[in-house]
Amino acid sequence: MADRSLRGMRLGAQSLQSEEGVVYSPRSRYTYQCTVCGKDTEMVFSAEAEAPETWECRHCGHEARLLVDDVPVEVDHSDVKTPRSHWDMLLERRTRAELEELLEERLQYLRARRGTAEHKHSA
């Protein structure tokens, strides 16, 4: 029985797999410079991958730009859509006059409800 038992390993022990025959894919190293703190962040990507123009700075969390020949690339933000607020979306569906009319109707309804609720409590 003792010769068939498995020997236990503690948690965190080394893997039983070997690195024999493993071929690592080629890598490329890119440097990003933060626009706020000026510190560099180095990233390693697959050689086949296209490096993004911006990356989050490891030091302060702001936008860092890719350095090409020690010069930060110019990032074109013209295609970035500005976020629309709830008010903007509401104005796409209704005119301001319609909104004021709806508001007045709702206020009248609430005032009437409050008026009837006061009569029930006073009785």
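Look a little higher up for the structure.
Residues numbered from 1 in each chain as written. Predicted model: local features only at pLDDT ≥ 70, side-chain atom pairs only at ≥ 80, totals over all residues. Heavy atoms only, no water.

Honestly, the nonpolar core in this entry has me stumped. Any pointers?
In this structure, Tyr 32, Cys 34, Met 43, Phe 45, Ala 51, Cys 57, Ala 64, Leu 66, Val 73 and Val 75 together form the largest nonpolar core, which totals 10 residues. Within the residue set of this core, elements represented by two or more residues are β1 (27-34), β2 (40-46) and β4 (63-68). Apart from residues lying up to four places away in sequence, Cys 57 is in contact with Cys 34, Cys 37, Thr 41, His 62 and Ala 64. (Core = buried A, V, L, I, M, F, W, Y, C linked by side-chain atoms within 4.5 Å. Buried < 20%, exposed > 50% of the residue type's maximum accessible area, 1.4 Å probe, protein only. Helix = DSSP H or I, 4+ residues; strand = E, 2+ residues; numbered from the N terminus. Contact = heavy atoms within 4.5 Å.)

Where do I start with a negative patch on the surface in this structure?
A cluster of like negative charges, contributed by Glu 50, Glu 53, Asp 76 and Asp 79, occupies part of the molecular surface. Taking the relative accessible area as the measure of exposure, Asp 79 reaches 63% and is therefore exposed. (Patch = residues over 30% accessible without salt bridge, like charges linked within 9 Å, V, L, I, M, F, W, Y side chains within 5 Å. Areas by Shrake-Rupley, 256 points an atom, 1.4 Å probe, with all protein chains shown as cover. Salt bridge = Lys/Arg side-chain N within 4 Å of Asp/Glu carboxyl O. Lys, Arg positive; Asp, Glu negative; His and termini not counted. Charge placed at Lys NZ, Arg CZ, Asp CG, Glu CD.)

What should I look at first to understand the environment of Ser 28 in this one?
Position of Ser 28 among the secondary structure elements: in strand β1. Given a relative accessible area of 22%, Ser 28 falls into the partly exposed group. The residues touching Ser 28, leaving out its near neighbours within four places in the chain, are Met 43, Val 44, Phe 45, Ser 46 and Ala 47.

Please clarify how the packing of aromatic side chains should be interpreted in this entry.
Aromatic rings in a pair are described by how distant their centres are and how their planes are angled relative to each other. By the definition in use, this model includes three aromatic pairs. Each ring, one from Tyr 30 and one from Phe 45, has its centre 5.9 Å from the other, and the planes form 50 degrees; the classification is tilted. With Tyr 30 in strand β1 and Phe 45 in strand β2, this residue pair connects regions lying 15 residues apart in the sequence. Given the relative accessible area of 14%, Phe 45 is considered buried. Where Phe 45 meets Trp 55, the ring centres are 5.3 Å apart and the plane angle is 75 degrees; that geometry is what we call edge-to-face. Taken together, the residues Phe 45 in strand β2 and Trp 55 in strand β3 (residues 54-56) connect sequence positions 10 residues apart. (Phe/Tyr/Trp six-rings, centres within 6.5 Å; stacked < 30°, edge-to-face > 60°.)

Explain the environment of Gly 38 to me, please; I cannot follow it from the model alone.
Turning to its location among the elements, Gly 38 is positioned in the loop between β1 and β2. In sequence terms Gly 38 and Ala 64 are 26 residues apart; their C-alpha atoms lie 8.4 Å from each other.

What am I meant to see in the pairing of β4 here?
Regular strands have side chains that alternate between both faces of the sheet. Summarising the sheet, β1 and β4 pair through three bridges and their orientation is antiparallel. When the bridges of β4 are listed, Gln 33 appears paired with Arg 65. In the sheet, β3 pairs with β4 via three bridges, with the strands oriented antiparallel. Looking at the pairing, Trp 55 lines up with Ala 64 of β4. Here β3 folds back onto β4 in antiparallel fashion, the turn holding six residues, of which Gly 61 has a positive phi close to 85 degrees. Sheet topology note: the β4/strand β5 (residues 71-72) ladder contains two bridges and is antiparallel. Within the sheet, the bridge partner assigned to Leu 67 lies in β5 and is Pro 72. Counting the residues that bridge the hairpin from β4 to β5 gives two residues, and of these Asp 69 lies at a positive phi of roughly 55 degrees. (Pairing = 2+ DSSP bridges.)

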